[in-house]
Amino acid sequence: MRLPLLCTALLIACSGTDTGSTGGRATGPLTPTVRDSAGIELAEHPADALDRAPLITMDSVPLFSYGGPDVEVEMSKVRRPLALRDGRLALFAEGSVFIIGRDGQVAERIGRSGAGPDEFRFGDLVLGQGDTILVHDYENARVAGVVPGVGVVDSRPFSGVTPIGNLQVVAGLPDAALLLSSGAIMFPKIANGVVDMPAVVARMDAGVDTAYAIDSFPGLRVEVRQSRSSVVEYQGWPTARLAGDRIMTTDGFRARMRVLGLDGRLQRVVRLPMARRAVDGAMVERDIEADLAEYRADGWSMPHSAPGDSLPIIASLRDRPLPDSLAAFDRLLVGTDDVVWLRDGRYSAADSTWAYTALRSDGTILGRFAGSGDDRVVGFGAGTVLLREEDADGFVTFRVHRLNGMR
């Protein structure tokens, strides 16, 4: 994995308002203009909204951190750390759920590696209701509910492979149902051409083992050439997330966020004034060179080629399909305070900066959060941001920083 470039400037974020301004920046949340369209709310902002959102600083000293060469968890294998509602962290590694306290120490280890009761093999963590953590254990084909201080409280079978597609667990719902969304690439069966593959939002109710779709939205854009399918570059993964009692889905190419009720009914469309960037060949080439440097450092080669032979890799990278422009935003995260964070579409390595827009589900812009170098953000809490850092020796540390000025 490419080593992160440490930020050389203090990270900044934002919070805006339409009731005042300082130096051209608003001083509080920016509320959208809302109009009705056949019973659906359309929330829109003027073209200068993102420029007017005030910037907020992030504390340079973390609230706490966990990682490095001396911790008990193999941190390089932690995929998706989870910010908890009480300010602590949860990590999944070595067949266990580790709860990291705000003192930077392991407060609890739940489960062990295996296939029996209270055992896990490989999976991801998501928030359930209250203090419940859901473990989607792919290898054991089940979802377990874990409560810190109590342990494993329930378990239900779920492989993720369903008649409506390969699904991943997004969140636990108030009625003990699971919220699910598309979690794997489903390539189209067409001769040649470009197609937007649909993604789905689904539910699996309590007491049953079958999922049913409640919504569909634009998924990955795929190009088929001579019976070979390739994902078009520079687009965000189709994402559904839960924020309070609303479901969010994004469509980065159209710069919009869809807001659904828990029944899947579309309630609101939020449109953000984000300018699309035309794909630049020189920037693409810089991304390719960064990928090649990573491959060479790892000693990778393509199948049926000599070790270290980068020519097949170069050909493969330069043959990837490109869009006309970057997605307006390519990532959706939700904090434990239900604030939604949308990252601006960007080049993977060529861009020297990155930025997120923070907003509520009603379309109110809370501001902008930006930084330089590689994007190290892996999650948000309530007024906090979780960063992943990897040093030159490959040791990983997660750090929780306070965001100042969130309103």
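Residues numbered from 1 in each chain as written. Predicted model: local features only at pLDDT ≥ 70, side-chain atom pairs only at ≥ 80, totals over all residues. Heavy atoms only, no water.

Peer 1: So what's going on with the overall build of the protein chain? Which residues, and what values?
Peer 2: Broken down by element type, the protein chain carries 3 helices and 34 strands. Counting over 407 residues, the protein chain shows a buried share of 53%. Relative to all contacts within the protein chain whose residues are 6 or more apart in sequence, the contacts with residues 24 or more apart total 53%. (Helix = DSSP H or I, 4+ residues; strand = E, 2+ residues; numbered from the N terminus. Buried < 20%, exposed > 50% of the residue type's maximum accessible area, 1.4 Å probe, protein only. Contact = heavy atoms within 4.5 Å.)

Peer 1: How would you sum up the sheet that holds strand 27 (residues 266–271)? Please name residues and give values.
Peer 2: Taken together, 6 strands build an open sheet; the order of strands is 4-5-27-26-25-24 and the sheet is mixed. Every other strand in the sheet has two partners, leaving strand 4 (33–37) and strand 24 (240–243) as the edge strands with one partner each. Going from strand to strand, the sheet's axes swing by 25 degrees on average, the running direction of each strand aside. One ladder, built from 4 bridges, connects strand 5 (residues 40–44) with strand 27; its direction is parallel. Bridge pairing in strand 27 places E44 opposite R271. (Pairing = 2+ DSSP bridges. Axes fitted to C-alpha atoms, helices over the stretch in contact; angles between N-to-C directions.)

Peer 1: Let's hear about the pairing of strand 16 (residues 142–147): which residues, and what values?
Peer 2: Burial runs high along strand 16: 6 of the 6 residues are buried. Neither face of strand 16 is exposed, since R142, A144 and V146 on one face and V143, G145 and V147 on the opposite face are all buried. Where strand 15 (residues 133–137) lies against strand 16, 5 bridges are found, and the strand directions are antiparallel. The partner of L134 across the bridge, within strand 16, is G145.

Peer 1: I'd love a proper account of the packing of aromatic side chains, names of residues and values included.
Peer 2: Enumeration according to the criterion identifies 10 aromatic pairs in this entry. Residues F122 and Y138 carry aromatic rings whose centres are separated by 6.0 Å and whose planes lie at 45 degrees to one another, so their mutual orientation is tilted. Of this pair, F122 sits in the loop between strand 13 (119–120) and strand 14 (123–127) while Y138 sits in the loop between strand 15 and strand 16, and the two are 16 residues apart along the sequence. Between W354 and Y356, the aromatic rings sit 5.8 Å apart at their centres with planes inclined by 80 degrees, giving edge-to-face as the arrangement. An aromatic cluster of three or more residues is present, and its members are W341, W354, Y356, F369 and F380. Over the ring of F253 we find R221, and its NZ or CZ is 4.3 Å from the ring centre. (Phe/Tyr/Trp six-rings, centres within 6.5 Å; stacked < 30°, edge-to-face > 60°. Lys NZ or Arg CZ within 6 Å of the ring centre and 35° of its normal.)

Peer 1: Any details on empty space enclosed by the protein? Residues and values, ideally.
Peer 2: As enumerated under the stated definition, the model contains 1 cavity of 30 Å³ or more in all. Approximately 150 Å³ is the volume attributed to the largest cavity. In terms of lining residues, the largest cavity is bounded by 18 residues, among which G219, G236, T250, D251 and G252 are the most central. Along the lines of polarity and charge, the residues of the lining of the largest cavity split into 6 nonpolar, 6 polar and 6 charged. (1 Å grid on protein atoms, 1.4 Å probe; cavity = no way out; pocket = protein on both sides within 12 Å on 5 of 7 lines; lining within 4 Å. Points joined across faces, edges and corners; volume = space filled by probe spheres on them. Nonpolar A, V, L, I, M, F, W, Y, C, P; charged D, E, K, R; others polar.)

Peer 1: Outline the nonpolar core, listing residues and values.
Peer 2: Soluble globular proteins tend to pack their nonpolar side chains together in the buried interior. Counting 22 residues, the largest nonpolar core has L272 and V340 as its most contacted members. Among the elements of the structure, helix 1 (49–52), strand 26 (256–260), strand 28 (329–334) and strand 29 (340–344) are those that each provide at least two residues to this core. No other element matches the 3 residues that strand 28 contributes to this core. With sequence-adjacent residues up to four places away left out, L272 is seen in contact with H45, A255, F329, L342, L359 and I365. Ranked by size, the runner-up nonpolar core spans 15 residues in total, among them F64, L91, I100 and F398. (Core = buried A, V, L, I, M, F, W, Y, C linked by side-chain atoms within 4.5 Å.)

Peer 1: Could you give an account of the sheet that holds strand 15, naming the residues involved and the relevant values?
Peer 2: Spatial strand order, 14-15-16-17: 4 strands in an open sheet with antiparallel pairing. The open sheet has two edge strands, strand 14 and strand 17 (151–157), and neither has a second partner. Across this sheet, the average inter-strand angle for adjacent strands is 25 degrees, counted without regard to direction. By the bridge criterion, 6 bridges tie strand 16 to strand 17 in an arrangement that is antiparallel. Bridge pairing in strand 17 places R142 opposite P157.

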